[in-house]
Amino acid sequence: KILKLTDSETKKKSIKEYKKEPIVVANNFIWGINGHPLTNVDYTVGSIESQLALLKEHQLEYYRIDITTDEDGIINTYPDKFDELIEKANQLQIRILPIIKIDNHLDKFNISAEEAYDLGKRQMAGFIKNYGKHFEYYELGNEQENKIINANSNGMYMTDYDAVKFKVLLSYLKGMTESLQRIQPEANTMISAGWLHWGYFDLLQSAGLHFDIISYHWYSNMGSMFKSRYENVNIIDTLNAKYNKPIWITEINKKDGSIHHTEEAQALWVDYFMHELDHQSNVKAFFIYE
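Residues numbered from 1 in each chain as written. Predicted model: local features only at pLDDT ≥ 70, side-chain atom pairs only at ≥ 80, totals over all residues. Heavy atoms only, no water.

**Focus: the overall build of the protein chain**
In step 1: What the protein chain contains, in helices and strands, is 10 helices and 12 strands.
In step 2: Taken over the C-alpha trace, the protein chain has a radius of gyration of 19 Å; the compact-globule value for 290 residues is 19 Å, and the two agree within 12%.
In step 3: If you line up the protein chain on its principal axes, its C-alpha atoms span 55 × 45 × 35 Å.
In step 4: Burial statistics for the protein chain: of 290 residues in total, 53% are counted as buried.
In step 5: Considering only contacts within the protein chain whose residues lie at least 6 apart along the sequence, 75% involve residues at least 24 apart.
In step 6: Accessible surface computed for the protein chain: about 13800 Å², of which carbon and sulfur atoms make up 48%.
In step 7: Positive and negative side-chain charges in the protein chain, numbering 31 and 41 respectively, have mean positions lying 4 Å apart. (Helix = DSSP H or I, 4+ residues; strand = E, 2+ residues; numbered from the N terminus. Rg over C-alpha atoms; globule rule 2.2 N^0.38 Å. Buried < 20%, exposed > 50% of the residue type's maximum accessible area, 1.4 Å probe, protein only. Contact = heavy atoms within 4.5 Å. Areas by Shrake-Rupley, 256 points an atom, 1.4 Å probe, with all protein chains shown as cover. Lys, Arg positive; Asp, Glu negative; His and termini not counted. Charge placed at Lys NZ, Arg CZ, Asp CG, Glu CD.)

Printed below as a string of structure tokens:
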């Protein structure tokens, strides 16, 4: 059977037809989903049990969540929900991938690189000491490259980013990774970007920042990961060639989900993106947003 994406949005995108056959991924491939149980009031309307029940029903083994803390790494939004989430996720053998948010500490990059380093080190050290026993992976910030990219830039080049802001951000991330390597050296770290923003990873790599995993974000308005809407780039091949790191697709979906369109259109996009994983041995995880 040949599956086509036929709604008006998809006709504009660089999407090819494909045979709908079972995909081949590694036995230890990770399937997950995103949510905001500790940062978004909408999630407090439903219970932790209902969220985890959905994960269990759909055989999703990881729940990627954003976490905000104070400067000492102590969770400062819905901390009681965190304890409940950890307890009930453990009971269902669901793992949590925490995104340690840093925006509220960097603010408008109006601190020095030295201050940023100290803040990053302090936040991460406190978080690990209080909660590290629950985690084996950490995501350091979320799409931070979008905070430092220059206007009208596509993000493919190191010069597409504000050098002054990058220096502050880099220092913050170095502080975080130093705490991790000192306190929990066995943990794995990942840093996220999306679209064509690998120039950000080039900057991090050239600055010698250590992290283990590329966390990448992709949506239907960007086209196919094998042929991007702009520049016709094969994203997976590009990331493999440049960095030789495992790739986790930590956000992916039809743009805006089923808002303004139908669940069927959303399902077609998700199904298509899942088929792009076929035989991609360096892609290790796939997380729906949200």
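**Considerations on the environment of Ser 228**
In step 1: With respect to the helices and strands, Ser 228 occurs in strand 10 (residues 227–228).
In step 2: The exposure class of Ser 228 is buried, given its relative accessible area of 0%.
In step 3: Measuring from C-alpha to C-alpha, the distance between Ser 228 and Leu 196 comes to 8.6 Å, with 32 residues separating the pair along the chain.

**Considerations on helix 8 (residues 198–206)**
In step 1: Among the nine residues that make up helix 8, seven are buried, leaving the element largely enclosed by the rest of the structure.
In step 2: All of the buried residues in helix 8 are Trp 198, Gly 199, Tyr 200, Phe 201, Asp 202, Leu 203 and Leu 204.
In step 3: On its buried side, helix 8 packs onto helix 6 (145–148), helix 7 (163–183), strand 7 (188–194), strand 8 (213–219) and helix 9 (235–243).

**Here we look at the side chain of Ser 179**
In step 1: Within the secondary structure, Ser 179 sits in helix 7.
In step 2: Beyond its immediate chain neighbours, meaning those up to four positions away, Ser 179 contacts Lys 121, Met 124, Ala 125, Ile 128 and Gln 184.

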